[in-house]
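As a plain string of letters, each chain reads:
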Amino acid sequence: MRLVSLNRYDLGMPLGFVRSANADLGNRKGMLFLYSDGPATDPGEELFDYRGLKPVRLAVFTADGTRLWEKTLPWGVIAGPWFVPAVPFDMDGDGIDEIYYVNNTGAPFSFMHRKLERLDGLTGEVTGVWHWPENTFNERLSLCYRFYIVAGYAHGEPVLVTCQGTYGNMYLQGWSGGMEKRWETVIAADDPGPRASHMTPVLDVNGDGVDELFWGERLISLDDGHEVLNYAPEYNGHSDVITPFLDYETGKKYIYTCREGGETEGQKRVYTFRAEGGVAWSAVDHGHMHTGWGANILPGFRKVAMAMREHFVPDDTGFNHEVDGVFYFDALTGEPVEFHPAVRGDKLYPVDLNGDGYHEFFVGEGEERSGDILDREGKPVDHLPVGCIRIGKMTDHPGEQIMGVGKDRRSVEIWGDADAADGAIMKMRYREPYLHFMQKLMATGYNSVGSQAACGM
């Protein structure tokens, strides 16, 4: 393995908060960045921390690192994925993504001045403004500002979806190519069933030509907003992780989830569902399951699924997370797996750098081994001195890549293996457009944060 920098983007300032997503710019590939020289924050009452917050900037670069445009957003825009989601998406069919994001020209907690704004992908010019729904105004702080923008297709037609709310009342609106409202769905707080997730995969699970939005353990049709399938109608809690994966031998799809809230007697905390419905397996009797991933590390490219359990501990920052269990399972059977990596599993990002079908792991920031590359057995084999922004196939280079903040803390680089070659399993993973398309949805929600591995196994 020879790790090299494939692309570099000079953002021209010290970097704290950084989110990014792939963009299509006609005959060129591009990259969207949301960034600030201060930290990000969360709307949760025990988590909102305004110390050090700085203005948010938005910029688009070409793949070769040329900045096309940049703009500083108004002071009312708070740095953080829930306050300022953004998606590059081509709604008018000209081959060039527009940029859709939530702007706010008023005070930081304003609803009156909050807008869905559309920018020209090549110039940054404002080409459309729509009032952002005020439907969560009366919710408590943590529920007020859980905003998402996602996108996908219904019979080949582009559909943009704007969403508000997690945990309580939940609202979703679908928009057609000319930004006409196509549908609206409301899931009330007292309606039975799952309460969304911090991740939002979009995939045509059933092969009917219409993408489904994974709204937690519910699948929502992008065509008309109806509930296509509810994997757990008896579950009234919130799942931190919801992610589809493929059994390479049979071609069957499965859905892996780790549950945060809604602990109920008789229900487990980790579930894998068959894509068509029904439980494949479940595990762990109790606790707040906070993150998870899947990685090909067993012989024959068998997947291991990781789940991390934690509890909250109050401290002078509000509260902190204290881990009290990390679990590894055979992803298809749920049987426990012995895996002892050099770094705790929830700090690892699975990434197939060399394209051989097995995953390596990148160690995230905040650890003694931050930047280490571990092999599939969890042993250190290399080092990359960057902090991870996201992973996946972000370029046409073989293998998957790591996007991270460079050593100068002012630039972002994409790193890959110079000797990578895509094998049969890698080609199978990327045969469907899902994992490529999800790279457009990496600046909304927690799709790329932690060890969820870009919403795809």
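Coordinates for the structure precede this section.
Residues numbered from 1 in each chain as written. Predicted model: local features only at pLDDT ≥ 70, side-chain atom pairs only at ≥ 80, totals over all residues. Heavy atoms only, no water.

Turning our eyes to something else, we now look at the sheet that holds strand β8 (residues 114–119). Pairing in this open sheet of four strands is antiparallel, and the strands run β6-β7-β8-β9 from one edge to the other. Whereas interior strands pair on both sides, the edge strands pair on one side only; in this sheet they are β6 (86–89) and β9 (126–131). Strand after strand, the sheet turns through a mean of 25° between neighbouring axes, direction not considered. Pairing of strand β7 (residues 98–104) with β8, which is carried by six bridges, proceeds in the antiparallel orientation. Considered in β8, the bridge of Y101 is made with E117. (Pairing = 2+ DSSP bridges. Helix = DSSP H or I, 4+ residues; strand = E, 2+ residues; numbered from the N terminus. Axes fitted to C-alpha atoms, helices over the stretch in contact; angles between N-to-C directions.)

Let us now look at the side chain of R19. Mapping R19 onto the fold places it in strand β2 (residues 18–25). D42 provides the closest opposite charge to the buried, unpaired R19, separated from it by 9.6 Å. Among the polar contacts listed, one links the side chain of R19 to the backbone oxygen of G445, at a separation of 2.8 Å. (Buried < 20%, exposed > 50% of the residue type's maximum accessible area, 1.4 Å probe, protein only. Lys, Arg positive; Asp, Glu negative; His and termini not counted. Salt bridge = Lys/Arg side-chain N within 4 Å of Asp/Glu carboxyl O. Polar contact = N/O pair within 3.5 Å; in protein donor to acceptor, adjacent residues only side chain to side chain.)

For the rest of this paragraph, the subject is the side chain of R146. Within the fold, R146 resides in the loop between α1 (141–144) and β10 (147–154). A relative accessible area of 3% means that R146 is categorised as buried. In terms of polar contacts, R146 uses its side chain to reach the side chain of D42, at 3.0 Å. In this structure R146 touches D42, P43, G44, W82, C163, Q164, G165, T166, Y167 and H198, once residues within four positions along its chain are discounted. (Contact = heavy atoms within 4.5 Å.)

The next thing to look at is unusual backbone geometry. The residue A196 is not glycine, and still its phi comes out positive at about 70°. Of note, A196 is situated in the loop between β13 (181–187) and β14 (202–203). In this structure A196 comes out as buried when scored by relative accessible area, which is 1%. We note that V284 has phi near 70°; this positive angle belongs to a residue other than glycine. Take V284: it is sitting in the loop between β21 (279–283) and β22 (288–298).

What follows covers the environment of P398. Summarising the element assignment, P398 is placed in the loop between β29 (387–392) and β30 (401–405). Considered as a pair, P398 and D419 are 21 residues apart in the sequence and their alpha carbons are 8.4 Å apart.

Moving on: the pattern of salt bridges. A complete count under the given rule lists 25 salt bridges for this structure. Its salt-bridge partner being D97, residue K440 comes within 2.4 Å of it at the nearest N-O pair. Remark: D97 occurs in the loop between β6 and β7 and K440 occurs in the segment after α3 (434–438); sequence separation between them is 343 residues. Its relative accessible area of 3% is what places D97 among the buried residues. The closest approach of N and O atoms between R218 and E227, which form a salt bridge, is 2.8 Å. With a relative accessible area of 4%, R218 lands in the buried category. On the basis of relative accessibility, which here comes to 36%, the residue E227 falls in the partly exposed class. One continuous salt-bridge network, built from bridges that share partners, spans D24, K29, D97 and K440.

Picture the strands of a sheet paired through backbone hydrogen bonds; they go either parallel or antiparallel. Across the sheet, four strands lie side by side as β1-β31-β30-β29; this open sheet has antiparallel pairing. Each having just a single partner strand, β1 (3–10) and β29 make up the two edges of the open sheet. The sheet shows a mean angle of 25° between the axes of neighbouring strands, direction not considered. The pairing of β1 with strand β31 (residues 411–417) spans seven bridges and is antiparallel. Bridge pairing in β31 places S5 opposite W415.

Most often, soluble globular proteins have nonpolar side chains that are buried together. In this structure, F89, L160, V161, C163, L172, L213 and W215 are the most contacted members of the largest nonpolar core, which totals 56 residues. A per-element tally of this core places β10 first, with six residues. Those residues in contact with L213 that lie beyond four places of it in its chain are V150, V161, C163, L172, T200, P201, V202, R218, L219, I220 and L222. Counting residues in hydrophobic clusters, the runner-up holds 18 residues, among them V56, V60, W69 and A443. (Core = buried A, V, L, I, M, F, W, Y, C linked by side-chain atoms within 4.5 Å.)

A few words now on the state of the cysteines. By the definition in use, this model includes zero disulfides. With no disulfide of its own, C144 has C163 as its nearest cysteine by sulfur position, at a separation of 16 Å. With a relative accessible area of 5%, C144 lands in the buried category. (Disulfide = S-S within 2.5 Å.)

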